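# Residue-level structural notes
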Amino acid sequence: MRGDWRSRFAENVRDYEGYPIGKTIAYLTDPEIISLAGGLPSPDVFQRTEFRAASEKSCDTEIDRILQYSPIPGEASLMDAVLRFLERDHIHISKENVLITTSGQHGLDLLGRLFLEPGDVVLVDRPTFAGALVAFEMQRPRFVGVTIEPDGSDVEGFGRALQDLAGNGIKPKFIYVVPDFQNPTGITMSLAKREALLDLSYAYDVPVVEDSPYRDLRYAGETIPALYTLDQRREGGHVIGLYTFSKIFCPGMRVGFNIGPPEVIERMTHIKEGNILNTPKFNQDMCTAFLEEMGFEKHVARCQSYYREKLDVFLKTMAAHFPPESGVRWTKPEGGLFLWVSVPEAIDTAELFFDAIEHKVAFVPGEQFYAENPEHNHMRINFSFVSKEDLAEAVKRLAKCIETALERTRK
Ligand SMILES: Cc1ncc(COP(=O)(O)O)c(C=O)c1O
């Protein structure tokens, strides 16, 4: 080609760098490193036997359909199973409200493509899920971030932002939240805040996007109604729900689903047509079997007790190594796969990451979870993947490397 490639790239992606976590994880090739960086569920809770049985059954009875294209909105059997799954949360909808997606990330991508044009405003927490930011960034929106609080999004802060924006004639396209065990902080939004967030949505006529991969992974406390449920009890039609099977079943199947008003789902389905066409039937069949034939409630209970133990080990080891005077703080989630560790401001965790690798431990630097003006003294920790022994050892290694970094700042 004459000239450079870059000048030919579409403006939306010319400077697009994709997922920063991917680059962080690419450093972790040394098998001695204990990585708390990824967001992986543990293979210890994978339902291998049940999966094999379900895949054999599916191949025995449906092989020609498995090897064929399948309906774009999704397999009817999975849709029915999803509708029953949502009934547990008192979400009463029908097939026209559901689109099967090829993972949660695909669900986010469809949302961004449907709603966002360059310069459009999206309200997000600070910090928030980096994968949502990179999915939306493709459309070059403007993010307005409000710092999350121990009981969830700063809804009053969202209110002030909405008022300021309205004063300038700007209506955000949506408010994006992860109410249950947020990635990256593990924080859960209180019931009062969920209601208040819906009040804002109604008052300013701005939809709320509820991204909900972790809802069933609760290890303590009481389940709080989903935003979608609360909205249905009121007017309805203000919430779009994003779900994935990645965390409660397995990420390998790449299946999720979006729910919302029929008009939204229909348009997302058209975009899916042009974007990946259909989600593989085999993968959908495995998810149907997961919901209906593999002992769902028992599996969820097993995941809960398994992850609860790991979280306990992590929290206890942290408390033993970081006394209050260390200036190190961390969230104490009631579920999910992550927590958020904050170190004294003098430490930049993007630099600490390389010290940590020397100490054979890894995390994700917190700056990756901010849409703008990142804070530099936090890290995201995943506690679900490595063994309990490695978790305890990882905290010891972290403590050493933070201590060294603190000494350096005192010099
Ligand atoms: C909040 C949130 N949304 C969506 C996703 C994407 O899920 P998937 O692995 O199905 O693409 C994740 C994965 O970490 C997540 O934490």
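Residues numbered from 1 in each chain as written. Predicted model: local features only at pLDDT ≥ 70, side-chain atom pairs only at ≥ 80, totals over all residues. Heavy atoms only, no water.

## Here's the deal with the state of the cysteines
Where we set the bar: In this description, a disulfide is simply a cysteine sulfur pair whose atoms lie within 2.5 Å.
Counting across every chain of the model gives zero disulfides. With no disulfide of its own, Cys-303 lies closest to Cys-250 among cysteine sulfurs, the gap being 11 Å.

## Brief notes about the site of the ligand
Basically, it comes down to this: The near set for a molecule or strand comprises every residue that places at least one heavy atom within 4 Å of it. The definition of a polar contact used here is a pair of N or O atoms within 3.5 Å, where within protein one atom must be able to donate a hydrogen and the other to accept one, and adjacent residues in sequence count solely through side-chain atom pairs. Secondary structure is summarised from DSSP: a helix means a run of H or I of at least four residues, a strand means a run of E of at least two, and numbering begins at the N terminus for each.
Neighbouring residues of the ligand: 15 residues in total, closest Asn-183, Asp-211, Tyr-214, Thr-244 and Ser-246. Backbone polar atom of Gln-105 to an oxygen atom of the ligand: 2.9 Å apart, as the coordinates give it. Residue Thr-244 places a side-chain N or O atom 2.6 Å away from an oxygen atom belonging to the ligand. The element that contributes the greatest number of residues to the shell around the ligand is helix H5 (residues 104-115), accounting for three residues.

## Notes on the sheet that holds strand S6 (residues 208-211)
Defined as follows: Two strands form a pair only when DSSP identifies at least two bridges running between them. Angles shown run from 0 to 180 degrees and are taken between the N-to-C directions of axes, each axis being a line fitted to C-alpha atoms and, for helices, limited to the stretch in contact. The criterion used for residue contact is that any of the two residues' heavy atoms lie within 4.5 Å.
Sheet architecture is open: seven strands sit in the order S2-S8-S7-S6-S5-S3-S4, paired in mixed fashion. The two strands at the open ends of the sheet, each matched to only one other strand, are strand S2 (98-101) and strand S4 (142-147). On average, each strand axis in the sheet is inclined to that of its neighbour by 20°, with strand direction left out of account. Pairing analysis gives six bridges linking strand S3 (residues 121-126) to S4, with the strands arranged parallel. Bridged to Val-121 within S4 is Arg-142. The sheet contacts of helix H7 (residues 155-167) involve S3, S4 and strand S5 (174-177), and relative to S3 the element is tilted by about 155°.

## A look at the sheet that holds strand S9 (residues 329-330)
The four strands are arranged S9-S10-S13-S12 in an open sheet whose pairing can be described as antiparallel. Strands at the two margins of the open sheet, each flanked by one partner only, are S9 and strand S12 (364-365). With five bridges joining them, strand S10 (residues 338-342) and strand S13 (residues 378-382) adopt antiparallel strand pairing. Each bridged residue has a counterpart across the sheet, and for Ser-342 the counterpart in S13 is His-378.

## Structural notes on the nonpolar core
Side chains that are nonpolar tend, in soluble globular proteins, to be buried together. Under the convention used in this document: To qualify as a nonpolar core, a set must consist of buried Ala, Val, Leu, Ile, Met, Phe, Trp, Tyr and Cys residues joined through side-chain atoms within 4.5 Å. Residue burial is assigned from relative accessible area. The probe radius is 1.4 Å, only protein chains are included, and a residue is buried under 20% of its type maximum, exposed over 50%, and partly exposed in between.
Of all hydrophobic cores here, the largest spans 102 residues; its most connected members are Phe-245 and Phe-257. If you tally residues by element for this core, the top one is helix H14 (residues 388-410), at nine residues. Once residues lying within four places of it in the same chain are set aside, the contact partners of Phe-257 are Val-82, Phe-85, Leu-86, Val-98, Leu-99, Ile-100, Thr-101, Gly-241, Leu-242, Tyr-243 and Phe-245. In terms of nonpolar packing, the next biggest core, distinct from the first, is built from 23 residues, Phe-115, Val-124, Val-178 and Val-264 among them.

## What to know about the packing of H7 against helix H8 (residues 191-204)
Spelled out, the test is: The labels follow the angle: roughly parallel below 35 degrees, roughly antiparallel above 145, roughly perpendicular from 65 to 115, and oblique for the rest.
Relative to each other, H7 and H8 sit at 10°, their axes nearing to 10 Å. The orientation of H7 with respect to H8, classified from their angle, is roughly parallel. Residue-level contacts link Val-155, Phe-158, Gly-159, Leu-162, Gln-163 and Ala-166 of H7 to Lys-193, Ala-196, Leu-197, Leu-200 and Tyr-204 of H8.

## Considering the packing of aromatic side chains
Where two aromatic rings form a pair, the distance of their centres and the angle of their planes describe that pair. Test applied: When two rings of Phe, Tyr or Trp (its six-membered ring) have centres within 6.5 Å they constitute a pair, described as stacked for plane angles under 30 degrees, edge-to-face for angles over 60, and tilted for the intermediate range. Only when the NZ atom of a Lys or the CZ atom of an Arg is both within 6 Å of the ring centre and within 35 degrees of the ring normal do we say a charge sits over the ring.
Considering all chains together, one arrives at 21 aromatic pairs under this definition. Seen from their ring centres, Tyr-243 and Phe-257 are 4.8 Å apart, and the 5° between their planes marks the pair as stacked. Of the two residues, Tyr-243 sits in strand S7 (residues 239-244) while Phe-257 sits in strand S8 (residues 256-259), which places them 14 residues apart along the sequence. In terms of burial, Tyr-243 and Phe-257 fall into one category: buried. Members of the aromatic cluster, joined through ring pairs, are Phe-51, Phe-85, Tyr-243, Phe-245, Phe-249, Phe-257, Phe-282, Phe-290 and Phe-296. Over the ring of Trp-5 we find Arg-8; its NZ or CZ atom is 5.5 Å from the centre of that ring. Residue placement shows Arg-234 over the ring face of Tyr-202; its charged tip is 4.8 Å from the ring centre.

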